[in-house]
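# Coordinate inspection notes
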Amino acid sequence: MFNTSEVYVVAHSLVPGSRHYEKGLKELFAEAFLKVLDQVGNANLGAIYVANAFSEVLQDQGVLGAFLSDYVGMRRIPAIRIESGDGSSGVAILEAYNTVRAGIYDCVAVVGVEKMHDVVNIKLNKALATITDYEYEGFFGVTPAAQAAMAMREYMLKYGYDYEDLATWPIKMHERGSKNPLAYMKKQASLKDVLESEVVADPLRLYDVAPAVDGSAAVILCNKPVKSDAAIRIDGIGIGAYGTYTGQRDSLTELLSVRDATNMALRTAHVSIGDIRIAEVHDTYSILGMLSLESMGLVRPGETPRLLSTGALDAGNKLVVNASGGLKSMGFPGGASGMYELALMVMELMNIKPFESLGKAELGVVQDMAGFDLVSTSVVLRRVS
Amino acid sequence: MVDQRLSVPRYWRRMPQYYRLEGVQCIKCGRVYFPPRAVCECGSREFKPYPLPSTGKLINFTVLYSVPAEFEKMKPLIMGMVDLGGVKVIGQIVDCMDPEKLSPGIDVEVVFRMVKMDSTYGLINYGYKFRPINNC
Ligand SMILES: [Zn+2]
């Protein structure tokens, strides 16, 4: 019989997303990494997993891990870079979790880092086009925003919604962000703000797009908790894949990789979706946040705009969605996005500032996704003791 | 003058697809794929070339205002999902001055156009685009 270890998140940190012009990948990485290192004192780190999507395109840098670990004085520690587009973090967490669970290392660090603002916007669009099927999509100008826009149009037609109905996502996320000092977008947004914002890819507007930021976030995973109070344990983790050319999908309103990842995570955690009390979902575009919730089974298909508008997914309810304000408010740090979601979830479960009024929730889920439903991960976390 | 022998393999390798919308049909079960693939859903690995029809229907579309660098001069781009005889292809919709006139279900035809300038070699890349058959 193969004995497996439990896996705890023993430290977490994040550098609030922003336009950090004075910091490169190395400085951002070091800031998040050294914070988690200091939290655990003398952790015997076996490896560092680095989640990053675009360093080749945006910084002309390959073998990223090597230079990052050297910068923090750890060149003998293998730093393994994981690239899975904007879903890199979830895959890095999965790999790190597996090595601890299998007993290969007692402790590993997982760090997401991305610098989106090293180039002008049009070059950033080029980087984002790499998370499409480049030969047949990116080559012709298709971007993730174009895919999200078509999904949004299909969703509106399928469930009979107007654009105004879907504007509840950015409004709610901005509302949450306004109460979160770690957020990049800290001001509230009115329906008028959303409706008057520029069209990015019709019907998708600027307020539907998580703003690109530079950032880094980190956790340390160990096979036992470091402190006895409020330990956070990873109870289940799942990965799902449905990578294909957009034209080969039957529907743009079901994210099958998200569904499979979540089912696997719930199965390994021995819990059901109804047990989940808080969720952080990957809302690079409003529509993808909504489709993720529905594909995970947290919300019935087509119900998200209605539930959001009644406040049913706000703090104080059975299920709280993106208490942080999501990527819409935190910003979109490419391949580091999922690490932000994870670090925030840990804070939410531990009721750490600014989430002290969230209420004691025992079970949370973090969902990350690459591109349009290409590869997704879900992580079920439990607050123990 | 750019030496055409410098033409990048990753572009000319795809000419049957970019120029003629050549998909593949599974010899065993008849399923058609675009883009081509190595293994069919039925498990078969034997395919024959299958050029897609040159007319079809628009299913979904968006007017894209924020575009990758090499399309900057052509923006906004209208990106559409088109059904060509049961196979869906995503690509640019052209010759449409008024996107308000676009709606799912309208007839479109395949046209052959310049896609972009290759940013490294300065070569012009050509490929399929779609044009509404009735004026737009
Ligand atoms: Zn077949």
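That block above? That's the structure.
Everything numeric here is computed off the predicted structure, so don't read it as measured data.

A word on the coordination of the zinc ion. Tetrahedral coordination by four donors sets the ideal angle at the metal to 109.5 degrees; octahedral coordination by six donors sets it to 90 or 180 degrees. All names here are of chain B. Of the protein atoms, only Cys26 (SG), Cys29 (SG), Cys40 (SG) and Cys42 (SG) coordinate the zinc ion, at distances of 2.3 Å. Between the four donor atoms coordinating the zinc ion, the angles at the centre fall across 104 to 114 degrees, so the site counts as tetrahedral. In the primary structure, the donors to the zinc ion are separated according to the pattern C-x2-C-x10-C-x1-C.

Opposite the 31 residues of chain A that make contact, chain B presents 38 residues. Both sides together, the interface formed by chain A and chain B hides about 3000 Å², and carbon and sulfur atoms give 60% of it. Where chain A meets chain B, there are two salt bridges. Put simply, lysine 126 of chain A and glutamate 70 of chain B hold a salt bridge, and the shortest N to O gap is 2.9 Å. Across the contact surface, chain A and chain B share 18 residue pairs in polar contact (both at pLDDT 80 or more). Breaking the side of chain A that touches chain B down by element, the ones donating at least two residues are helix 5 (121-129), helix 6 (144-159) and strand 5 (199-201) of chain A. Counting residues per element, the side of chain A that touches chain B draws most heavily on helix 6 of chain A, at six residues. Partitioning the side of chain A that touches chain B into residue classes produces 15 nonpolar, seven polar and nine charged.

It is worth spelling out the sheet that holds strand 7 (residues 214-222) of chain A at this point. Residues and elements named next belong to chain A. Pairing is mixed in the open sheet, where ten strands are placed in the order 3-2-4-7-1-8-12-11-9-10. Both edges of this open sheet fall to strand 3 (79-82) and strand 10 (320-321), since each of them pairs with a single strand only. Looking at chain direction, strand 2 (residues 45-51) and strand 3 are connected through four bridges and run parallel. Its bridge partner lying in strand 3, valine 50 is registered against arginine 81. Those strands touched by helix 11 (residues 286-296) are strand 10, strand 11 (363-370) and strand 12 (375-384), and its axis lies near 125 degrees from that of strand 11.

Let us now look at the state of the cysteines. Evaluation of the coordinates by the stated rule reveals two disulfides over all chains. In this model cysteine 107 of chain A forms its disulfide with cysteine 222 of chain A; the gap between the sulfur atoms is 2.0 Å. Handedness here is read from the sign of the S-S torsion; for cysteine 107 of chain A and cysteine 222 of chain A, about 115 degrees, the answer is right-handed. Here the residue cysteine 107 of chain A occupies a position in strand 4 (residues 107-114), and cysteine 222 of chain A occupies one in strand 7, the gap between them amounting to 115 residues. Overall, cysteine 222 of chain A belongs to the buried group, its relative accessible area being 3%. Bridging cysteine 96 of chain B to cysteine 136 of chain B, the disulfide has an S-S length of 2.0 Å. Of this pair, cysteine 96 of chain B sits in the loop between strand 6 (87-93) and strand 7 (107-117) while cysteine 136 of chain B is found in the segment after strand 8 (124-132), placing the two residues 40 residues apart along the sequence. Taken as a pair, cysteine 96 of chain B and cysteine 136 of chain B share a single burial class, namely buried.

The rules we used
- Residues numbered from 1 in each chain as written.
- Chains lettered and ligands numbered in written order.
- Predicted model: local features only at pLDDT ≥ 70, side-chain atom pairs only at ≥ 80, totals over all residues.
- Heavy atoms only, no water.
- Donors = N, O, S within 2.8 Å, 3.2 Å for Na, K, Ca; no water.
- Tetrahedral: all angles 85-135°; square planar, octahedral: opposite > 155°, others 65-115°.
- Contact = heavy atoms within 4.5 Å.
- Buried area = accessible area lost by both parts, 1.4 Å probe.
- Salt bridge = Lys/Arg side-chain N within 4 Å of Asp/Glu carboxyl O.
- Polar contact = N/O pair within 3.5 Å; in protein donor to acceptor, adjacent residues only side chain to side chain.
- Helix = DSSP H or I, 4+ residues; strand = E, 2+ residues; numbered from the N terminus.
- Nonpolar A, V, L, I, M, F, W, Y, C, P; charged D, E, K, R; others polar.
- Pairing = 2+ DSSP bridges.
- Axes fitted to C-alpha atoms, helices over the stretch in contact; angles between N-to-C directions.
- Disulfide = S-S within 2.5 Å.
- Buried < 20%, exposed > 50% of the residue type's maximum accessible area, 1.4 Å probe, protein only.

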